[in-house]
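Structural overview for review
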Amino acid sequence: MSAIESVFPNAKHLLCHWHINKNILAKCKKMFLDKETWNLFMSVWGTVVAANTEVEYLRRINELTTTFSHTPTAVAYVFDTWLNPYKERFIAAWTNNCMHFDNLTTKRVESAHAKLKKQLGCSLGNFDSLWSKIHSLLELHFTEIKASFEKSATVVQHKESWGITELCGCLNRRIHGLPCAHELAHYVRDEVLIPLSALDTHWKRLHIIPRDQPQIPDFILELNRFVDKIMKEDSVKWPYYARKIREIFDPNTTHLVEPKEKVKTRGRLSKKDKSTRRKPSAFELVDVPCVDMCIPSSTQNSVASACVTDKIQKKRVKKISVRHKLQTTTADK
């Protein structure tokens, strides 16, 4: 966050709701003795995050502190870690004042990453196989987008009543850059079409970063400069330059080959980890299957460690039994 403030000082930096909730899960769930109280805490916390005005925010904060006065540690954590220093970056009362297009989490990137890992299947593969799998995934995603466009052109999603617009709040204009209820009511009443000027430029361009098409004369001049430079080189280098240019236009003519996988010839063979699963996060370690959340936190560590070492003990017993059988067989002989 410090880098964003220094490099992009005028940017509006928002925090991901999903990651905030998971951090609270990792730090605060062990402070509650039963699941019902924990679910109530997260429900009240959700109302705090979704408060649309500062007055509503203060009312929700008061409800949070009074309802969970018996767990002051959890309340202190959300105040000291999130609300006091960063409330302007994730509370709706402040984030609704900037145009974020409803991007309040990183779920778009996370879901795309999850789809890619599922399509790849394993963490090993060459360039050719990876490219074909990624290309198939993009083609499937493009087909889904076109299907959604066709559906939106024929299916009526909802109907609005334009009689009451006092409760609009103009959130659609501030958050998405689209006409709000006041503007739409005006267009319907006057029986006029929605002009393109009423839409933010975000909805009217195909590329996030504008791309300028190179001018043909500039390209020819640049190409001629390269030709003049090559002609000044020693003629021995000309075949090398010709081969490189040929590889650009016809990649099949390249002399490069994919490196062979290094085979381990010494030591014990080990199973390769082909999984694409990541290491568990802190909030995932909180929900240990064999740990009952009703157990006090002082005893949860010992129970969790017992679950972890149980498999190790079973492996040791199995090795000892196999070794005992071998010794018994040798003694009999």
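Our subject is the structure that appears above.
Note that this is a predicted model, so its numbers are computed, not measured.

Looking at the overall build of the protein
- Each helix and strand counted, the protein has 14 helices and zero strands in total.
- From first element to last, N terminus to C terminus, the protein shows the α and β order α-α-α-α-α-α-α-α-α-α-α-α-α-α.
- Across the 333 residues that make up the protein, the buried fraction comes to 19%.
- Put simply, of all contacts in the protein between residues at least 6 apart along the chain, 57% involve residues at least 24 apart.
- In the structure as shown, the protein presents an accessible area of about 26,600 Å², 60% of it carried by carbon and sulfur atoms.

Structural notes on unusual backbone geometry
- In the Ramachandran plot, D102 falls in the positive-phi region, its phi being about 65 degrees despite a non-glycine side chain.
- Among the secondary structure elements, D102 is positioned in the loop between helix 6 (92–95) and helix 7 (107–120).
- If you check the backbone angles, E191 has positive phi at about 55 degrees while not being a glycine.
- With respect to the element layout, E191 can be found in the loop between helix 10 (181–190) and helix 11 (216–232).

Here's the deal with helix 7
- Between its first and last C-alpha atoms helix 7 spans 20 Å; for 14 residues at 1.5 Å apiece the expected length is 20 Å, and the two agree.
- Directly beyond the C-terminal end of helix 7, a positive phi value near 85 degrees is found at G121.

Some remarks on the packing of aromatic side chains
- The full count for this structure, using the stated rule, is 10 aromatic pairs.
- Taking the centre distance of 5.1 Å and the plane angle of 45 degrees together, the rings of F32 and F41 count as tilted.
- For the ring pair Y57 and W94, a centre distance of 5.3 Å and an interplane angle of 85 degrees mean the geometry is edge-to-face. Here Y57, found in helix 4 (residues 54–67), pairs with W94, found in helix 6; they are 37 residues apart in sequence, far enough to count as distant. Like Y57, the residue W94 is buried in the burial classification.
- These aromatic residues form a ring-pair network of at least three members: F32, W38, F41 and F68.
- Lying over the aromatic face of W94, K87 brings its terminal NZ or CZ to 5.8 Å of the ring centre.

A word on the side chain of H100
- Within the secondary structure, H100 is located in the loop between helix 6 and helix 7.
- Classification of H100 as buried rests on a relative accessible area of 8%.
- In terms of polar contacts, H100 uses its side chain to reach the backbone amide nitrogen of D102, at 2.9 Å.
- Once residues lying within four places of it in the same chain are set aside, the contact partners of H100 are L14, T95 and I175.

Considering a nonpolar patch on the surface
- On the surface, F219, I220, L223, V227, M231 and W238 cluster together into a nonpolar patch covering about 590 Å² of accessible area.
- In this structure, W238 sits in helix 12 (residues 238–249).
- Taking relative accessible area as the criterion, W238 reaches 34% and is therefore assigned partly exposed.

Things to note about the nonpolar core
- I24, F41, W45, L83, F90 and I91 are the most contacted members of the largest nonpolar core, which totals 31 residues.
- Sorting the residues of this core by element identifies helix 2 (17–28), helix 3 (35–49), helix 4, helix 5 (72–86), helix 6 and helix 13 (282–286) as the ones contributing at least two each.

Quick look at the packing of helix 2 against helix 3
- Interaxial distance between helix 2 and helix 3 falls to 12 Å at its minimum, and their mutual angle equals 145 degrees. Considering how the two elements wind past one another, helix 2 and helix 3 form a crossing that is right-handed. Together, H17, I20, N21, I24, L25 and C28 of helix 2 and W38, F41, M42, W45 and V49 of helix 3 make up the contact between the two elements.
- For the contact of helix 2 with helix 3, the residue count by class is nine nonpolar, two polar and no charged.

Definitions and limits used
- Counting starts from 1 at the beginning of each chain's written sequence and moves along it residue by residue.
- In view of the model being predicted, local features appear only for residues whose pLDDT reaches at least 70, and side-chain atom pairs are presented and counted only at 80 or more, with totals across whole chains, interfaces and linings using the full set of residues.
- Only hydrogens and water are set aside when side-chain values are computed; all heavy atoms of the structure are taken into account.
- Going along the chain from the N terminus, every DSSP run of H or I of four or more residues is numbered as a helix, and every run of E of two or more is numbered as a strand.
- Buried means the residue's accessible area, taken with a 1.4 Å probe over protein chains only, is under 20% of the maximum for its type, while exposed means over 50%, and partly exposed covers the values in between.
- In this analysis, two residues are considered to be in contact whenever any of their non-hydrogen atoms come within 4.5 Å of each other.
- Surface exposure here means Shrake-Rupley accessible area, sampled with a 1.4 Å probe, where a residue is shielded only by the protein chains that are shown.
- Helix span, expected: 1.5 Å multiplied by one less than the number of residues in the helix.
- Aromatic rings from Phe, Tyr and Trp, with only the six-membered ring used for Trp, were paired whenever their centres fell within 6.5 Å, and each pair was classed as stacked if the ring planes differed by under 30 degrees, edge-to-face if by over 60, and tilted otherwise.
- Whether a charge lies above a ring is judged from NZ of Lys or CZ of Arg, which has to be within 6 Å of the ring centre and within 35 degrees of the ring normal.
- Polar contact is defined as a pair of N or O atoms within 3.5 Å, subject to the rule that within protein one atom must be able to donate a hydrogen and the other to accept it, and that residues adjacent in sequence are counted only when both atoms are side-chain atoms.
- Exposure above 30% relative accessible area and the lack of any salt bridge qualify a residue for a patch; like charges then connect within 9 Å, and the nonpolar side chains Val, Leu, Ile, Met, Phe, Trp and Tyr within 5 Å.
- Salt bridges are defined by distance alone: a side-chain nitrogen of Lys or Arg within 4 Å of a carboxyl oxygen of Asp or Glu.
- We define a nonpolar core as any set of buried Ala, Val, Leu, Ile, Met, Phe, Trp, Tyr and Cys residues linked to one another through side-chain atoms lying within 4.5 Å.
- Only C-alpha atoms enter the line fits that serve as axes; for helices the fit covers just the stretch in contact. Angles between N-to-C directions range over 0 to 180 degrees.
- A crossing counts as left-handed when the near helix is turned anticlockwise from the far one by less than a right angle, and as right-handed when that turn is clockwise.
- Residues are grouped as follows: nonpolar covers Ala, Val, Leu, Ile, Met, Phe, Trp, Tyr, Cys and Pro; charged covers Asp, Glu, Lys and Arg; every other residue, Gly included, is treated as polar.

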